[in-house]
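Understanding the architecture of this molecule
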Amino acid sequence: MSKNHKIQSFDFETLTVHAGVEPDPLSGAVMTPIYQTSTYVQDDVGRHKGYEYSRTDNPTRTVLQNAMAILEGGQHALAFSSGMAAIYTLLRLVKPGEHVISGNDVYGGTYRLFESVLAQYGLEFTFVDLTDDKALAMVIRPNTRLIWLETPTNPLLQLVDIASVAQIAHETGAWLGVDNTFASPALQQPLQLGADFVIHSTTKYIGGHSDVVGGMIILNDSTPYEELKFLQNAIGAVPGPMDCFLTLRGIKTLALRMDAHCRNAGEVAHFLADHPAVAQVIYPGLPDHPQHELANRQMKKPGGMLSFTLIGGEVPARIVAQETQLFTLAESLGGVESLIELPALMTHASVADSPLAIDPGLVRLSVGIESAADLIDDLAQALHKAASVQ
Ligand SMILES: *Cc1c(COP(=O)(O)O)cnc(C)c1O
């Protein structure tokens, strides 16, 4: 009998290795083959084995989609060529004249897509602090169709109470979409908390090795799924089979990697919190984080991302970002290697002159799976250099 028959009863660690994956029926290959083909033979006109053309469906992509649906506890998943392609396709469910409420601390590219692209086509957007239920209630309108949130947010690592916003969304007849990129299903599963859609930039923790760009939508309800499946094919922003394979390969170690990311981020957070040159550390695992209690309740662990500011602001922040050697100065996050960046100048440059603008002295770390002691040594020497320049 197929192991996927009893998949629901397995623990998350087992699911990451086995979900959706069966030996290849043709060859017995244990790992899903890369079906590098654009088209499929038809035995007779319209009679085929379920695949016609690789924009519409591809067997490597099917396995990835099935795996992600299982990991997020959803019925359906659809893969895209990037996180932005997934968000764009999802937003096509919202029609001109309808209203979207978005958290006010979202990925810069998401803000750009909403404000600079989709707002031109008759969609209305309001950005609000979703950590505040009263502020949310004030901006709901009769035509609100979608509430969009990230938790933890990027780069300020605020937490939003998914179950509470889901309830508010459903009372007003709106959907709730959660960008689960920062937590991954290893730490939280928004569909179980009432979200209607989960999206991922699988480029980050899901792929996990900084070698592939991809996106995913996961959901339960079959009606929007049919429409999204139509849109996936109609718009065509789909991943190639090699990208699907790399993402599937990354998923196998997701649980192991997230354990290491969280353990290291916790140690780095405590080191920074005790350092005299550091002004503030934002990490959901620290007791002084404003939503520390929610983090304990909503997330299995506090994640691998943290942000901090330095006494002296932007000048020492730039020095630290330039002087680290193990932490690579680069955009993106969620890979095995540690990265450092200044969001205001890098990932969040697209919100620079907007209400979402980020403090130029904020440093964001994506803490990798190296040795925590080596990471701390690297930060210590960079902080020392920053202090000596002051
Ligand atoms: C990176 C990212 C995206 C965009 O994903 P791409 O794969 O880069 O298109 C969306 N949301 C969050 C939270 C991200 O970190």
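Residues numbered from 1 in each chain as written. Predicted model: local features only at pLDDT ≥ 70, side-chain atom pairs only at ≥ 80, totals over all residues. Heavy atoms only, no water.

Describing the overall build of the protein
Scanning the protein for helices and strands turns up 12 helices and 12 strands. What you see for the protein is a C-alpha radius of gyration of 21 Å, in line with the 21 Å of a compact globule of 390 residues. When burial is assessed residue by residue, the protein has 54% of its 390 residues classed as buried. In the protein, 71% of the contacts between residues at least 6 apart in sequence involve partners at least 24 apart. With the model as given, the accessible surface of the protein reaches about 16,300 Å², and the carbon-plus-sulfur share is 54%. Averaged over its 24 positive side-chain charges, the protein has a centre that lies 6 Å from the centre of its 42 negative ones. (Helix = DSSP H or I, 4+ residues; strand = E, 2+ residues; numbered from the N terminus. Rg over C-alpha atoms; globule rule 2.2 N^0.38 Å. Buried < 20%, exposed > 50% of the residue type's maximum accessible area, 1.4 Å probe, protein only. Contact = heavy atoms within 4.5 Å. Areas by Shrake-Rupley, 256 points an atom, 1.4 Å probe, with all protein chains shown as cover. Lys, Arg positive; Asp, Glu negative; His and termini not counted. Charge placed at Lys NZ, Arg CZ, Asp CG, Glu CD.)

Some words on the layout of surface pockets
The volume enclosed by the largest pocket comes to roughly 380 Å³. Lining of the largest pocket is provided by 16 residues; of these, Asp24, Pro25, Tyr35, Tyr51 and Pro59 occupy positions nearest its centre. Grouping the amino acids of the lining of the largest pocket by side-chain chemistry returns 11 nonpolar, 2 polar and 3 charged. Each pocket or cavity is described by its volume, and for the second largest pocket that value is around 300 Å³. Forming the walls of the second largest pocket are 22 residues, and the residues nearest its centre are Met84, Tyr107, Thr181, Ser201 and Lys204. Secondary-structure elements contributing two or more residues to the lining of the second largest pocket are α3 (83–91) and β6 (197–201). With 3 residues, the single largest contributor to the lining of the second largest pocket is α3. Residue classes in the lining of the second largest pocket are distributed as 8 nonpolar, 9 polar and 5 charged. In terms of domain composition, the lining of the second largest pocket takes at least three residues from each of domain 1 (7–251) and domain 2 (255–389). (1 Å grid on protein atoms, 1.4 Å probe; cavity = no way out; pocket = protein on both sides within 12 Å on 5 of 7 lines; lining within 4 Å. Points joined across faces, edges and corners; volume = space filled by probe spheres on them. Nonpolar A, V, L, I, M, F, W, Y, C, P; charged D, E, K, R; others polar. Domains from an automatic or database assignment.)

Description of the domain arrangement of the protein
What the domain assignment reports for the protein is domain 1 (7–251) and domain 2 (255–389). Between the C-alpha centres of domain 1 and domain 2 there is a distance of 26 Å. Counting residues at the interface gives 42 residues for domain 1, matched by 39 residues for domain 2. If you look at where domain 1 meets domain 2, you find 1 salt bridge. The interface formed by domain 1 and domain 2 contains 12 residue pairs in polar contact (both at pLDDT 80 or more). Contributions of two or more residues to the side of domain 1 that touches domain 2 are made by α1 (12–18), α4 (108–117) and α8 (241–251). (Salt bridge = Lys/Arg side-chain N within 4 Å of Asp/Glu carboxyl O. Polar contact = N/O pair within 3.5 Å; in protein donor to acceptor, adjacent residues only side chain to side chain.)

So, the pattern of salt bridges
Counting across every chain of the model gives 9 salt bridges. Two residues, Asp259 and Lys301, come together in a salt bridge whose shortest N-O distance is 2.4 Å. Taken as a pair, Asp259 in helix α9 (residues 254–273) and Lys301 in the loop between α10 (292–298) and β9 (305–310) lie far apart in primary sequence, 42 residues in all. The exposure class assigned to Lys301 is partly exposed, which follows from its relative accessible area of 32%. Across the salt bridge formed by Arg297 and Glu293, the nearest N and O atoms sit 3.2 Å from each other. With a gap of 4 residues between them, Arg297 and Glu293 both fall in helix α10, about one helical turn apart. Ionic contacts of the salt-bridge type, sharing partners, join the residues Asp161, Glu293 and Arg297 into one network.

Thoughts on the side chain of Thr60
Here Thr60 lies in helix α2 (residues 59–71). Residue classification places Thr60 among the buried residues on the basis of a relative accessible area of 0%.

Side note on α2
The end-to-end C-alpha separation of α2 is 19 Å, in line with the 18 Å expected for 13 residues at 1.5 Å each. Of all 13 residues in α2, 11 are buried, a share of seventy percent or more. All of the buried residues in α2 are Pro59, Thr60, Arg61, Val63, Leu64, Gln65, Ala67, Met68, Ala69, Ile70 and Leu71. The N-terminus of α2 is capped by Asn58, whose side-chain oxygen sits 2.9 Å from the backbone nitrogen of Thr60. Gly73 lies just past α2 and shows a positive phi near 70°. (Expected span 1.5 Å × (residues − 1).)

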